[in-house]
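These are the residues of each chain, in order.
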Amino acid sequence: MTSPAAPVSAVPPEGAAAWVTIDLDAISDNVRELARRSPGAEVMAVVKADAYGHGLAHSARAAVAGGASWLGVAQLSEALELRAAGVTTRALTWLYAPGADFGAAIDADLDLSVAAPWALDAVAAAARERGRTARIHVKVDTGLGRNGALGQGWTDLVAALGPVVAEGAVDVVGVWSHFALADAPQHPTVLAQRDRFVEAAAELERAGIRPQVRHLANSAATLTNPDAHFDIVRPGLAVYGLSPVPDLGAPEDFGLREAMRVTARLALVKRAPAGQGVSYGHAYTTTEDTVLGLVPLGYADGIPRHAGSVGPVQVDGRRLTVAGRVCMDQFVLDLGPSYAGGAGDEVVILGRGADGEPTAQDWAAAIGTINYEIVTRMSGRLPRVLVGGGA
Ligand SMILES: *Cc1c(COP(=O)(O)O)cnc(C)c1O
């Protein structure tokens, strides 16, 4: 897990200053929609990085309730945490360094990605030691230039599989890869990577290895590229109701809805004269007698410091922008001279665009990043409030 586990409850904790609400039904419905768009393929819901900030175990369960038959995580520790939470759904993990505890992974009945000879050796050794067969998905680099065996490296990895498979130490259940530009569906690399994937799978077959599943599609490819669906689609972002292709469509255009809503309550409301510098550096100065509101959220909570003077929020249905710098624990709003509310009033930081709320995508656009980063950075310091999910 990327941050300490946030406390979880069904209503905001008594007196909470800020919290993150997770709509479990939205996660289930989003998975259902992704499955509907991928006939013939199973859905592997990607729940790495604490389910993109939504919380690992409850998000995983909601995804399974929506029809996900696989879960995907980057780190072994995340996969083990799923198992410790009692989630028994088939799960793939794919990112580790030499020394990783593959024995624990095999004991936890996890599927393991293998992208290099060292990993094959280490997984096989752990399986032998247990007298078991490890389930592996071999990863080919079809052009991303990141993880996966590339070129001759793939040919060598395929050759190395033969004896280990024959011996019964590993079962190659999957072959898989990842796109570089799935969010640009017309880009020539998308077609080229798909072609290379088919070719790499054929190379495996020629070596007598026939995996049950092939998987390539992330959220963007799941939504825009049916030719890349193969046997399993592997969406992450879309599971949480965010658009991986904001230029092509908002979540609702794809039948998705945002699962995360971030809310704070004003900690202080006070009158300030014209010409008052606000927050560190006085990057904002009031232009008239006005009312300032203090929002008890800062960069330690996941509000980007770059959002100073540009981050969008909503108070009482009105869109406002962060006034001046974002501090570690707080930032300020200029509520305007006629603000009649007071301390305790709710501020929506991000939520559902279709409801007129500022979105993770709005925050991303405001600071020049991607919506993935906005939700993933929401800190474990913020309590998670779960709604839906039959609770
Ligand atoms: C994160 C990740 C995904 C999911 O990507 P999204 O763009 O969030 O859908 C799929 N596969 C791999 C290998 C990943 O690292």
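No experiment lies behind these values; they were computed from the predicted model shown.

Definitions and limits used
- Residues numbered from 1 in each chain as written.
- Predicted model: local features only at pLDDT ≥ 70, side-chain atom pairs only at ≥ 80, totals over all residues.
- Heavy atoms only, no water.
- Pairing = 2+ DSSP bridges.
- Helix = DSSP H or I, 4+ residues; strand = E, 2+ residues; numbered from the N terminus.
- Contact = heavy atoms within 4.5 Å.
- Polar contact = N/O pair within 3.5 Å; in protein donor to acceptor, adjacent residues only side chain to side chain.
- UniProt positions renumbered as here; feature names shortened; annotations may be inferred.
- Buried < 20%, exposed > 50% of the residue type's maximum accessible area, 1.4 Å probe, protein only.
- Axes fitted to C-alpha atoms, helices over the stretch in contact; angles between N-to-C directions.
- Salt bridge = Lys/Arg side-chain N within 4 Å of Asp/Glu carboxyl O.

Draft legend 1. Structural view of the sheet that holds strand 7 (residues 134-139). Spatial strand order, 3-4-5-6-7-8-9-10: eight strands in a closed barrel with parallel pairing. With three bridges joining them, strand 3 (residues 42-46) and strand 4 (residues 70-75) adopt parallel strand pairing. Bridge assignment links Val46 to a residue of strand 4, and that residue is Gly72.

Draft legend 2. Representation of the environment of Trp363. Here Trp363 shows up in helix 10 (residues 360-367). Considered as a pair, Trp363 and Ile349 are 14 residues apart in the sequence and their alpha carbons are 9.1 Å apart. With residues up to four places along the chain from it excluded, the contact list for Trp363 reads Ile303, Pro304, Ala307, Gly311, Pro312, Val313, Val322, Ile349, Leu350, Pro358 and Ile374. Within the structure, the side chain of Trp363 is placed 2.8 Å from the backbone oxygen of Ile349, a separation counted as a polar contact.

Draft legend 3. Region of interest: the side chain of Glu203. Tracing the backbone shows Glu203 in helix 8 (residues 188-206). Aside from chain neighbours lying at most four places away, what touches Glu203 is Trp154, Thr155, Val158 and Arg196.

Draft legend 4. Spotlight on the UniProt feature "modified residue: N6-(pyridoxal phosphate)lysine" (unreviewed entry) in the protein. According to UniProt, the positions carrying the feature "modified residue: N6-(pyridoxal phosphate)lysine" (unreviewed entry) are Lys48. In this fold, Lys48 is placed in helix 2 (residues 48-52). Judged by relative accessible area, which is 26%, Lys48 ranks as partly exposed. Setting aside anything within four residues of it in sequence, one finds Lys48 in contact with Gly72, Val73, Ala74, Glu78 and Trp94.

Draft legend 5. Representation of the sheet that holds strand 16 (residues 312-315). With respect to topology, 10 strands assemble into an open sheet ordered 1-20-2-11-19-16-17-18-15-12, the strand pairing being mixed. A strand with exactly one partner marks an edge of an open sheet, and here the two such strands are strand 1 (8-9) and strand 12 (268-272). Here strand 16 runs beside strand 19 (residues 346-350); their pairing, made up of two bridges, is antiparallel. Looking at strand 19, one finds that Val315 is bridged to Val347. Taken strand by strand, helix 1 (residues 24-36) contacts strand 2 (18-23) and strand 20 (384-387), and its axis lies near 35° from that of strand 2.

Draft legend 6. The UniProt feature "domain: Alanine racemase C-terminal" (unreviewed entry) in the protein, seen in detail. Taken from the UniProt record, the annotation "domain: Alanine racemase C-terminal" (unreviewed entry) applies to residues 259-387. Here residues 259-387 runs as 11% helix and 34% strand, with 10 Å between its end C-alpha atoms.

Draft legend 7. Structural context of the pattern of salt bridges. Counted by the stated rule, this structure contains 21 salt bridges. For Asp109, the salt bridge identified is with Arg132, shortest N-O distance 3.9 Å. One end of the pair, Asp109, is in the loop between helix 5 (102-107) and strand 6 (111-114); the other, Arg132, is in the loop between helix 6 (117-130) and strand 7, and 23 residues separate them in sequence. Using a relative accessible area of 36% as the deciding quantity, one classes Asp109 as partly exposed. Its salt-bridge partner being Arg135, residue Asp109 comes within 3.1 Å of it at the nearest N-O pair. With Asp109 in the loop between helix 5 and strand 6 and Arg135 in strand 7, the pair connects residues that are 26 residues apart, well separated along the chain. Each of Arg90, Asp109, Asp111, Arg132 and Arg135 takes part in salt bridges that share partners, so that together they form one network.

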